[in-house]
Amino acid sequence: MLSLTTLCSPNETAASSSYQPPVFRLRSYNQTLPPTLCSASDSVANQPKMSSPDEQDPRISKISSAIRVIPNFPKPGIMFQDITTLLLDTKAFRDTIDLFVERYRGKDISVVAGIEARGFIFGPPIALAIGAKFVPMRKPNKLPGEVISEEYSLEYGTDKIEMHVGAVQAGERSLIIDDLIATGGTLCAAIRLLERVGVHVVECACVIELPELKGRERLGDKPLFVLVSST
Amino acid sequence: MSAYRDKDPRIHGIQSKIRVVPNFPKPGIMFQDITTLLLDPKAFKDTVDLFVERYKGKNISVVAGIEARGFIFGPPIALEIGAKFVPLRKPKKLPGRVISEEYELEYGRDCLEMHLGAVEPGEQALVVDDLIATGGTLCAAMKLLERVGADVVECACVIELPDLKGRERLNGKPLYVLLESH
């Protein structure tokens, strides 16, 4: 799986002081699926060629520009990436879903897990389009019946996410969806929950990544696919 | 009107996938759990299709979904009918400028918020949630939309608990549900 840094064009360096990056730095995400994404019957030889890093899907820039940044929310110093404005743009929202569906359709994925609450917005349309079940991963005490929980660290303290017992079977192939990856703490907890019941997490998929928070590294060997990177 | 009464052949499959969990979130409540419906791709798709068939081509430009289970059903409907999706959320979740509507609970009050500018005056809107019980939350949702000049065409839920008389609380606003649970 290529790391994002290898997709940068040679002219982009952190040291380019004359370049003022816009809030949204668009990366190319026309990556071929890594071997782990393929079902067992695909041979590596059948994989399509890697597309050039400079070929960005034309839908990405409208998606990126539809996302609104709110300074100092939920607390001072945080630049909040607000996807609700994307949901108001019917074409851009459609394109967002299509980009994920095109990537995951026909890959034997039977589970789309979505993290409460904004993962509930993107996960179900993807699940419906690829014929997978949708599994909500929720804050404590929201899911009725038997659940399993996974605790994870916050900047101060801990939080927990829960999943229904029996929602997924051992051996199923799963995606995890959220609107954004920051530190990766929540996504990591979601991965652990699924792996504890024997599910193979094929990839994590988010609309936005905040690369400076190094969430991708926190996912370890688990692939991450995002549409927009925000620095 | 409910589709159950119309006996659409898909309804039975949808109903059979909803799980009732007794004594949740507190003793005496029979909780209607739609998560088991979401585990059946065909039944979930049929659920969405039933709403889409009703609302497509009716000039609806807004689907408002109530946090959090309205976020599961609202967006697929919005995408299919070409409407925008507007999340209605608990307090302090939406960044930026919001309007709030308070409503009564059995004990105490709660509040629902919507982004300013998400909806324009004159737009035609649906409000979507998984279930209508007393109708308090749906009422607050309708008020939010009406305060910014939108026309709420209908409220749409998968399940109605008719014994709680939520339908009457909607002040004459139409309600469409797929299933009733007594």
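Report follows, based on the coordinates. Just so it is clear, the model here is predicted, and its values are computed rather than measured.

Helices and strands together make up the secondary structure of chain A, namely six helices and ten strands. For chain A, with 231 residues in total, the buried portion stands at 51%. Taking the intrachain contacts of chain A between residues at least 6 apart in sequence as the baseline, contacts between residues at least 24 apart amount to 62%. With an accessible surface of roughly 10,500 Å², chain A has 53% of that area assigned to carbon and sulfur atoms.

Attention shifts here to the environment of B:Arg54. All names here are of chain B. With respect to the secondary-structure elements, arginine 54 resides in helix H4 (residues 41-55). Taking the relative accessible area as the measure of exposure, arginine 54 reaches 25% and is therefore partly exposed. In this structure, the C-alpha to C-alpha distance between arginine 54 and tyrosine 107, residues 53 residues apart in sequence, is 36 Å.

Another aspect to go through is the packing of aromatic side chains. One pass over the full model with this rule turns up ten aromatic pairs over all chains. Considering the side-chain rings of A:Phe73 and A:Phe80, the 5.1 Å spacing of their centres and the 85 degrees angle between planes classify their relative orientation as edge-to-face. On the basis of relative accessibility, which here comes to 16%, the residue A:Phe73 falls in the buried class. With a centroid separation of 5.9 Å and 80 degrees between ring planes, the pair formed by A:Phe100 and A:Phe225 is classed as edge-to-face. Here A:Phe100 is found in helix H3 (residues 90-104), whereas its partner A:Phe225 is found in strand E10 (residues 224-230), with 125 residues between them in sequence. On the basis of relative accessible area, A:Phe225 is assigned to the buried category, the value being 4%. Through successive ring pairs, a cluster of aromatic residues spans A:Phe100, A:Tyr104 and A:Phe225. The positively charged end of B:Arg54 is found above the aromatic ring belonging to B:Tyr176, 4.0 Å away from the centroid.

All names here are of chain B. Extensive coverage of strand E3 (residues 62-66) is indicated by the burial of five of its five residues. Residues of E3 alternate between two faces, with Val62, Ala64 and Ile66 on one and Val63 and Gly65 on the opposite face, all of them buried. Sheet analysis places E3 next to strand E4 (residues 84-88), joined by five bridges and oriented parallel. The residue of E4 that forms the bridge with isoleucine 66 is leucine 88. For the segment spanning E3, helix H5 (residues 70-81) and E4, crossover handedness is right-handed. Relative to strand E7 (residues 124-132), E3 runs parallel, the two sharing four bridges. What sits directly across from glycine 65, in E7, is valine 128.

Bringing the side chain of B:His115 into the picture now. By secondary structure assignment, the location of B:His115 is in strand E6 (residues 109-115). By relative accessible area, which is 7% here, B:His115 ends up buried. At a separation of 3.0 Å, a polar atom in the side chain of B:His115 contacts the side chain of A:Arg68. A polar atom in the side chain of B:His115 sits 2.5 Å from the backbone oxygen of B:Pro95. Excluding anything up to four places from it in sequence, B:His115 contacts A:Arg68, A:Asp82, A:Thr84, B:Leu94, B:Pro95, B:Arg97 and B:Val98.

Here the focus is the interface of chain A and chain B. Between chain A and chain B, the contact holds 34 residues from the first and 35 residues from the second. Summed over both partners, the interface of chain A with chain B comes to about 2,700 Å²; 72% of that surface belongs to carbon and sulfur atoms. It is A:Leu88, A:Leu128 and A:Pro144 in chain A that bury the most area against chain B; as a group they hold 21% of the surface buried on that side. Here chain A and chain B share zero salt bridges between them. Take the side of chain A that touches chain B: its biggest share by element is five residues, from helix H4 (residues 119-130) of chain A. Classifying every residue of the side of chain A that touches chain B gives 20 nonpolar, six polar and eight charged.

Take helix H5 (residues 185-196) of chain A next. Residues and elements named next belong to chain A. Helix length check: H5, at twelve residues, gives a terminal C-alpha distance of 17 Å against a target of 16 Å (1.5 Å per residue), a fit within 8%. Along H5, the residues classified as buried are Gly185, Leu187, Cys188, Ala189, Ala190, Ile191, Leu193 and Leu194. Of the residues flanking the end of H5, it is glycine 198, one or two places downstream, whose phi is positive at about 85 degrees.

The rules behind the values
Residues numbered from 1 in each chain as written. Chains lettered and ligands numbered in written order. Predicted model: local features only at pLDDT ≥ 70, side-chain atom pairs only at ≥ 80, totals over all residues. Heavy atoms only, no water. Helix = DSSP H or I, 4+ residues; strand = E, 2+ residues; numbered from the N terminus. Buried < 20%, exposed > 50% of the residue type's maximum accessible area, 1.4 Å probe, protein only. Contact = heavy atoms within 4.5 Å. Areas by Shrake-Rupley, 256 points an atom, 1.4 Å probe, with all protein chains shown as cover. Phe/Tyr/Trp six-rings, centres within 6.5 Å; stacked < 30°, edge-to-face > 60°. Lys NZ or Arg CZ within 6 Å of the ring centre and 35° of its normal. Pairing = 2+ DSSP bridges. Right-handed = clockwise from strand over helix to strand, strands pointing away. Polar contact = N/O pair within 3.5 Å; in protein donor to acceptor, adjacent residues only side chain to side chain. Buried area = accessible area lost by both parts, 1.4 Å probe. Salt bridge = Lys/Arg side-chain N within 4 Å of Asp/Glu carboxyl O. Nonpolar A, V, L, I, M, F, W, Y, C, P; charged D, E, K, R; others polar. Expected span 1.5 Å × (residues − 1).

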